[in-house]
Amino acid sequence: MKKSTELITKQKKHLWPNQILYYADPLPLDRGDGMYVWDVDGNKYLDFFAGILTTSVGHNNGRVRQRINEQLDKLIHSSTLYPNQAHIEYAEMLAQITPEGLDTFYFGASGTDADETAVLMAQVHTGNTEIIALRHGYSGKSQLAMTLTGQGAWRMGPVHIGYVRHAMTPYTYRALGGLDEKSFVQACLDDLQDVIKTMTSGKIAALIMEPIQGVGGFITLPPEYMEGAADIARAHGGLVIIDEVQTGFGRTGTHWWGHQHSAVKPDIMTMAKGIANGMPLSAVATAPEIAQSAVGAGLTISTFGGNPIACAAAIGTLEEMMESYTPARSAAIGQLLEDGLHALAKKYPLIGEVRGRGLMQGVELVSDRQSKAAAPQHANAVMEAARKTGLLIGKGGMLGNSLRIAPPLMAAQEHVEEALEKLDLAFAHVQESV
Ligand SMILES: Cc1ncc(COP(=O)(O)O)c(C=O)c1O
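Residues numbered from 1 in each chain as written. Predicted model: local features only at pLDDT ≥ 70, side-chain atom pairs only at ≥ 80, totals over all residues. Heavy atoms only, no water.

Student: An account of the domain arrangement of the chain is requested, with residue identities and associated values reported.
Tutor: Partitioning the chain into structural domains gives domain 1 (3–56 + 325–432) and domain 2 (62–323). Placing the centre of domain 1 and that of domain 2 at their C-alpha centroids yields a distance of 25 Å. Summed over both partners, the interface of domain 1 with domain 2 buries about 3100 Å², with 57% contributed by carbon and sulfur atoms. Residue glutamate 364 pairs with arginine 174 through a salt bridge whose shortest N-O separation is 2.7 Å. Counting the contacts that link domain 1 with domain 2 gives 18 residue pairs in polar contact (both at pLDDT 80 or more). For the side of domain 1 that touches domain 2, the secondary structure elements donating two or more residues are α2 (50–53), α11 (327–347), β13 (351–357), β14 (360–365) and β17 (402–405). When residues of the side of domain 1 that touches domain 2 are assigned to their parent elements, the largest contribution, five residues, is made by β13. Looking at the side of domain 1 that touches domain 2, its residues break down into 19 nonpolar, 15 polar and six charged. (Domains from an automatic or database assignment. Buried area = accessible area lost by both parts, 1.4 Å probe. Salt bridge = Lys/Arg side-chain N within 4 Å of Asp/Glu carboxyl O. Polar contact = N/O pair within 3.5 Å; in protein donor to acceptor, adjacent residues only side chain to side chain. Helix = DSSP H or I, 4+ residues; strand = E, 2+ residues; numbered from the N terminus. Nonpolar A, V, L, I, M, F, W, Y, C, P; charged D, E, K, R; others polar.)

Student: So what's going on with empty space enclosed by the protein? Which residues, and what values?
Tutor: Tallied over the full model, the rule gives two cavities of 30 Å³ or more. One number sums up the size of the largest cavity: a volume of about 70 Å³. In terms of lining residues, the largest cavity is bounded by Ala133, Leu134, Gly137, Tyr138, Ser139, Leu148, Ile208, Met209, Glu210, Gln213 and Asp243. Contributing elements (two or more residues each) for the lining of the largest cavity: β5 (130–134) and β7 (204–209). Taken together, the residues of the lining of the largest cavity break down into six nonpolar, three polar and two charged. Here the second largest cavity defines a volume of roughly 50 Å³. Forming the walls of the second largest cavity are Leu53, Ser56, Val245, Gln246, Gly248, Phe249, Arg251, Gly274, Met321 and Leu409. Residue classes in the lining of the second largest cavity are distributed as five nonpolar, four polar and one charged. Structurally, the lining of the second largest cavity is a two-domain feature, drawing no fewer than three residues from each of domain 1 (3–56 + 325–432) and domain 2 (62–323). (1 Å grid on protein atoms, 1.4 Å probe; cavity = no way out; pocket = protein on both sides within 12 Å on 5 of 7 lines; lining within 4 Å. Points joined across faces, edges and corners; volume = space filled by probe spheres on them.)

Student: Please set out the pattern of salt bridges residue by residue, giving values where relevant.
Tutor: Applying the stated rule across the entire model yields 12 salt bridges. Put simply, glutamate 320 and arginine 63 hold a salt bridge, and the shortest N to O gap is 3.1 Å. One end of the pair, glutamate 320, is in helix α10 (residues 308–323); the other, arginine 63, is in helix α3 (residues 62–72), and 257 residues separate them in sequence. A relative accessible area of 11% means that glutamate 320 is categorised as buried. (Buried < 20%, exposed > 50% of the residue type's maximum accessible area, 1.4 Å probe, protein only.)

Spelled out as structure tokens, the structure:
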């Protein structure tokens, strides 16, 4: 029996079946090196999804391993009850790249954890309760995070929290009534005003938004929307929470943070995924005045937040990003990827739109460009065909029809060329069968 078959049989017996797995024949991974991973049967793949945008500086990165090993020899765990060196040193280092003023942090172990903490902090700071999130957004898997999430499929269970309201997202490819981008952005801003006016007390604690909605299929928020929405939230007493869980750490190119493609200045920013190259770590960043407002509101600890091994990995990861895999580099390599995807779009009518920034490129697939009918079957088929060529990509979007292409930030020109060749084969295979 193949090793993968044996493992999947055991997985089905012991792991909850509601954890979704990619591919009809799931793919147990065994090892990784840089841009490549190998499955347990020895097949090699070029990784253009990076474990959901997480293996930011490449699989088994030498410096990250070194930092982890150094820390392993000293201390594995402390809890937040005892200050630990890696925790403090990483906070100091992170403050060098966070937006000006956002230089105090609360570390956790997941993006869900970070978004929960950010919402709570906004509520404590403003004294308001209500939260506005965007449709198509994703915040994680706790009750609150599922409630913030604006996609039905990810909102498991009957109980949702009553103080969250959702405004229309500027999903320009599917603009209401076929409006042009400018008019649609205005319609979305009007809707946000309307949601606040009609569905809240008028005083909100925060608006939370992702600069590019990751799980939403890389829906890229126009800067004018983000700026207008931030103004509206503040006019109603709310803070602006920017979720940089997917878009952070230079992924979108040019800037360290995805929102910096706009003029928005967050009050609270969350980050996770690529922060520690796969070690479980997340962070919430705020100005000291906001952090201070939680003092006296109640006690808080985190058993795993700021874990020394995870923080050591984060230090190694950020060193690599600062020295080698910079936002400027991601912009340049991302441009090659984007250009290549646009070239594929000219060739294959099943591609409805290419969108995103830097090394975060989405490709929405349709049955035909006129009707824009979503084609999740094509997305599945392209993913399967790409796997056969030895390329891993992701998918998402509420309609299940958007490919998510987001390699480790260490991707070089040769990797992009290899990925585009493989994608060309995969698209050709699927287009033929349409
Ligand atoms: C934008 C965003 N926020 C929050 C989360 C939740 O992160 P986690 O899965 O680490 O809890 C995710 C996960 O995909 C995400 O994409």
